[in-house]
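The residues making up each chain are set out below.
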Amino acid sequence: MKGQVLSGGAGHYPLKDDVGSSRPDQPQALSHKRIFRRLRWPAAGFPYRGGKADAALSDFSQRRQVRAEWRRKLAEQKLLWATFAFAAGIALYTLLPEEPDFIVVSALFAASGLFVLQAFLKARLRPAGMLVFAVITGVFVADLRTIIVDAPRLQEARTFTLVGRVTDRENTQRGMRLTIGVDKVVDLPRNKSGDAFPQRVRISVPETTASGIGDAVTVRARLFPPSGPVRPGGYDFSFRAYFDRIGATGFSYGVPQAAELDEPSLLLKAKRQLGDLRRGISDRISGILGTGHRSALAAALLVGDRSGLSPESEEALRQSGLAHILAISGLHMALFAGGTYAVLLMILSLSQAATLYYPTHRMAAAAALVAAACYLGLSGASVATQRSFIMVFLVFLGVLTGRRGLTLRSVALAGLVLLLLAPERLFYPGFQMSFAAVICLVAAYDSLRNVQRVNLPKERSAVPVFRGMRIVLRWTFGLFLTALIAGTATGLIGAYHFGRIAPYGLIGNMLGMPVFSLIVMPMGVLALILMPFGLASLPLQIMAIGLDLLLAIAEWTAGLGAHSGAVPVPDAITTFLATAGLFVLLLLPGKLKGFSAIPFVAAVVAANLSRPPDVQIAEKGGLIAARDDGGTLRIHAGRAGFATDNWLQMEGLPERAFQEHKMVEGQYACDGTSCLYRAYPDSARAAYKTLFGLSDAGEQDMEAVRRAPLLIAMPKTADALHLDCRFADVIVTTLTVPADCRARLVIDGRNRHALGAISIWLALPEQNPELHHAQIAYWRAAKTSPPRPWHK
């Protein structure tokens, strides 16, 4: 039997000899016992051909192919999972309750780096070790970035006369804003040093302001410290301002006047030229199409200028699921750079000498990269546009080097580069939605490509009609799949950040995206190319026809239901688990996709256990919201604002619901010395009763709660504070509360500013005949104590 070979349907397998020693020239030979055990053959009948042997070997070969495909996909995703781990390190640093010691973090980073390097040189580096190192690196980079951007911040509201240079100019729907690099403060108090004054401030200015980027100005302005979150876990402007090095915000008294300073830097000069170019293109579009929704939408799509876009048009696009077209991202960049590549390649192909003797596709790719870089600057260079540029750069770099560019590696590399440069981008909604959509789309189409390669027949119909039908069906299916996957990925994140979804977004994208992809953007790109030659009128007119049709589709889709798309805001854990489940489902191969059920089920459980707060207290002033005895959130405020809109958003209500949810007399009482509010738990939500071990409340218990709710007092004087301490359950004041105050929760002048906005969750009273007050289940503050650098 020495050297005997077993033949089967899947190949030939050399065997060991009788004594079990392997042939010298075949060190990987398998014994026949292992083959029989693996293929479940009977030992009798060896060697055996055909029948069960062929089927077993074929099944074994398929399993080997499946495992090889799994290994290939996981190998391609190494950089992506490392990027996920790096992002987890950034999130870990940001969510820490207090600032870590940078020396300790640096030492941990250096030690883990040496360990990884040593393991790599010895070929012993394991994926788990690499992921741990990526997490530590994320913590280190985020901590380092926080130290680098640290700058003075205003501590209290004051009025100043500033002399400085305009570094940014924004024309928004709410008015014009200037960011000024402060050079001198005219009326700085004597006890304050100029070094402690903010280096950059952002102020709102009149619409008639003519100052542009690079201009030296002097202006008198009322400045305020950057505001913190209006609720725990909500949008934190202070966080964003810290990393933009903006130390104060406010408004100007009149139009800024010209001042005398040195020449602006070359960077500011270039930035001004680019801004003037963008405004010139917007004015040119308005001159050709006229003032209106068409020219405003065209300017938003081509140069990122949304200042002229009406709220009605933007709302229609949002409700129809088409608002993503306003973010200049992958499709815009692909059409611009890809169109440049295709046109140049076609022109070069007309020359026989160029086709035969020169790498025309590489020449066209290089020109397309230059065009993409120009469009990046022209469009405003948002986070989504930067991500798109990096991916387009990698795609054309693949053309230049003969490699495939659009893979999960390129997506991961784009995210890694952006996070290395600015780790705080991880918490920007645009970054999260852009990368979530692209990761899911690339993963889904990669899996679909593998299925088609294995299962679809290679022969194609020669009948032109059938081939055309096949192309149309595949294009329609691709559009449906893209809208479904991207809509799901961005919808989860959009619901968390904005409390909005697009109920009919799939319909809106199926109808609107063909118009956008085939008419609007191609004509827009052509108009940009022909505009220097004075030939942009015709493509802009065709683009305007497409825009009219697109807006009509958006308005029709938005009118399919009375629901505006407002939904209760899910908590961060629910959103994270649902998004993680979607990633696992699309990224892992084969049967491993079943593991996605774990985060999905956990997300459902977390969603059922979470609920909106029963009491919301703003960071400053007397702004408060509390539930009435029917469980409806009522707001005590004179007019709507950002905080009230955010509180209504938590309830799944649109901004226009403010008047319907104003607090009525009987739930509050105010005089010149104090305000007293009554707050009730939401009895309609029963999920949390079990969570806190509280028994279900009967009608008698709820009636008792209505008679004795939780009392919240906001005293303004010492006498009122003394009285409120005797009867109120919660005290919120800027005064100092004595230690013998009977209130169960005290937030006074010692920690009022440090804690920021407060959210309180109430529980039903326990079965105690002597205590029928609503109980405080738990409460959260928007800021940590001690404060993180962006809250100091």
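Whatever comes next refers back to the structure up there.
**A closer look at the pairing of strand E3 (residues 158–172)**
Logical step 1: Of the strand pairs in this sheet, E3 and strand E6 (residues 216–224) are connected by 8 bridges, and their pairing is antiparallel. Paired with Arg 158 across the strands is Leu 223, a residue of E6.
Logical step 2: Both E3 and strand E4 (residues 175–185) contribute to a ladder of 10 bridges, which runs antiparallel. Of the residues in E4, the one forming a bridge with Asn 171 is Met 176.
Logical step 3: Two successive antiparallel strands, E3 and E4, enclose a turn made up of 2 residues.

**Quick notes on the sheet that holds strand E14 (residues 710–715)**
Logical step 1: Sheet architecture is open: 5 strands sit in the order E12-E13-E14-E15-E16, paired in mixed fashion. Each edge of the open sheet is held by one strand with a lone partner, namely strand E12 (668–670) and strand E16 (745–747). Recorded for the sheet is a direction-independent mean angle of 10° between the axes of neighbouring strands.
Logical step 2: For E14 and strand E15 (residues 730–732), the ladder comprises 2 bridges, and the chain directions are parallel. Note on E15: the bridge partner recorded for Ile 712 is Val 730.
Logical step 3: On the sheet, helix H24 (residues 718–727) packs against strand E13 (674–679), E14 and E15 and is oriented at approximately 170° with respect to E14.

**Quick notes on unusual backbone geometry**
Logical step 1: Ser 785 connects to Pro 786 through a cis peptide bond whose omega is 0°.
Logical step 2: Within the fold, Pro 786 resides in the segment after strand E18 (775–781).
Logical step 3: Residue Arg 245 is not a glycine yet carries a positive backbone phi of 60°.

**Thoughts on the packing of aromatic side chains**
Logical step 1: Applying the stated criterion across every chain, the model contains 22 aromatic pairs.
Logical step 2: Between Phe 102 and Phe 140, the ring centres sit 5.8 Å apart and the planes meet at 20°, which makes this aromatic pair stacked. Separated by 38 residues along the polypeptide, Phe 102 in helix H4 (residues 102–121) and Phe 140 in helix H5 (residues 127–148) bring together distant segments of the chain.
Logical step 3: By relative accessible area, Phe 140 is classed as buried at 15%.
Logical step 4: For the pair Phe 239 and Trp 790, a centre-to-centre distance of 5.2 Å together with 85° between the ring planes defines the contact as edge-to-face. In this pair, Phe 239 sits in helix H6 (residues 237–243) while Trp 790 sits in the segment after E18, placing the two residues 551 residues apart along the sequence.
Logical step 5: According to the relative accessible area criterion, Trp 790 is buried, its value standing at 4%.

**Things to note about the sheet that holds strand E9 (residues 615–617)**
Logical step 1: Read from one edge to the other, the open sheet built from 5 strands follows the order E11-E10-E9-E17-E18, with strand pairing classed as antiparallel. Each edge of the sheet is formed by a strand with only one pairing partner; in this case those strands are strand E11 (633–636) and E18. Recorded for the sheet is a direction-independent mean angle of 15° between the axes of neighbouring strands.
Logical step 2: Sitting on the sheet, helix H21 (residues 642–650) touches E9, strand E10 (624–627) and E11, and the angle it makes with E11 is about 175°.

Reading the values: the criteria
- Residues numbered from 1 in each chain as written.
- Predicted model: local features only at pLDDT ≥ 70, side-chain atom pairs only at ≥ 80, totals over all residues.
- Heavy atoms only, no water.
- Pairing = 2+ DSSP bridges.
- Helix = DSSP H or I, 4+ residues; strand = E, 2+ residues; numbered from the N terminus.
- Axes fitted to C-alpha atoms, helices over the stretch in contact; angles between N-to-C directions.
- Contact = heavy atoms within 4.5 Å.
- Phe/Tyr/Trp six-rings, centres within 6.5 Å; stacked < 30°, edge-to-face > 60°.
- Buried < 20%, exposed > 50% of the residue type's maximum accessible area, 1.4 Å probe, protein only.

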